[in-house]
Amino acid sequence: VLLKNSDRTHMTAGPFLVGLGVAGAAYAAKGALHVVQRLKANPEHLKVVNAAGAGFQAVRDKFSLSNMASQFAFVRGPHAVGFDNVMNRREAAQILNIRESSSKAQIKEAHRKMMLLNHPDRGGSPFIASKINEASECLTGQGRSSGSAFS
C-alpha cells in the first residue's frame, strides 16, 4: 500500500506531539524536584513559602464569590431589595421619584411620566405598572382595598 506524503506527516505528527508532551512534563517535574531540594536545604525559604501560601489563601477567602456580594452591597443601595409587602408613603414617593409632601398636581404629573415610560402597552411590565398606580393612590390618599394586583 502506497501512502501519500500528506498521510505520512499526519501519521508522524501524533507520536511527535505525544513525545513533546512527555518531555515537557518531565522537565516540569525536574524543576519541581529542584525547588523542593533547595527548600529542604534552607528552612528559612520554606517559612517564606509557607507565609506566602497563607497570604494567598487569605486573599482567596477575602475575594471569594460569596464574600464579593457583601463587599459591594453599598452599590445597590439600601432599598434595592424589592418592594415592601404593603405600600407606604416613603416607598410610594421613591417609586414616583418625588417627595412624600408633594402636591396632588406633582403626584399626578410624576405618575403620568412614569406610566408613559412603563406602560404594558408600550412594552413595560404589568407588575411595575401596578406598583406605579399603587404608589400614586397611596400618595393621593385614594387607597385600594386589596393593595397591588399582584400581591
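Check the entry above for the structure.
Asker: Give me the overall build of the chain: which residues, what numbers.
Answerer: Helix and strand content of the chain: 7 helices and 0 strands. The order of helices and strands in the chain, counted from the N terminus, is α-α-α-α-α-α-α. Within the chain, the fraction of its 151 residues that count as buried is 17%. Accessible area of the chain: about 11800 Å², with a carbon and sulfur share of 62%.

Asker: Can you tell me about the nonpolar core, naming the residues and giving the values?
Answerer: Side chains of a nonpolar character, in soluble globular proteins, are inclined to be buried together. Grouped together as the largest cluster of nonpolar side chains are 11 residues: Met-87, Ala-92, Ile-95, Leu-96, Ile-107, Ala-110, Met-115, Ala-129, Ile-132, Ala-135 and Leu-139. Secondary-structure elements contributing two or more residues to this core are helix H5 (89-96), helix H6 (104-118) and helix H7 (126-140). Apart from residues no more than four positions distant in its own chain, Met-87 is found in contact with Ala-92, Ile-95, Lys-131, Glu-134, Ala-135 and Cys-138.

The rules behind the values
Residues numbered from 1 in each chain as written. Predicted model: local features only at pLDDT ≥ 70, side-chain atom pairs only at ≥ 80, totals over all residues. Heavy atoms only, no water. Helix = DSSP H or I, 4+ residues; strand = E, 2+ residues; numbered from the N terminus. Buried < 20%, exposed > 50% of the residue type's maximum accessible area, 1.4 Å probe, protein only. Areas by Shrake-Rupley, 256 points an atom, 1.4 Å probe, with all protein chains shown as cover. Core = buried A, V, L, I, M, F, W, Y, C linked by side-chain atoms within 4.5 Å. Contact = heavy atoms within 4.5 Å.

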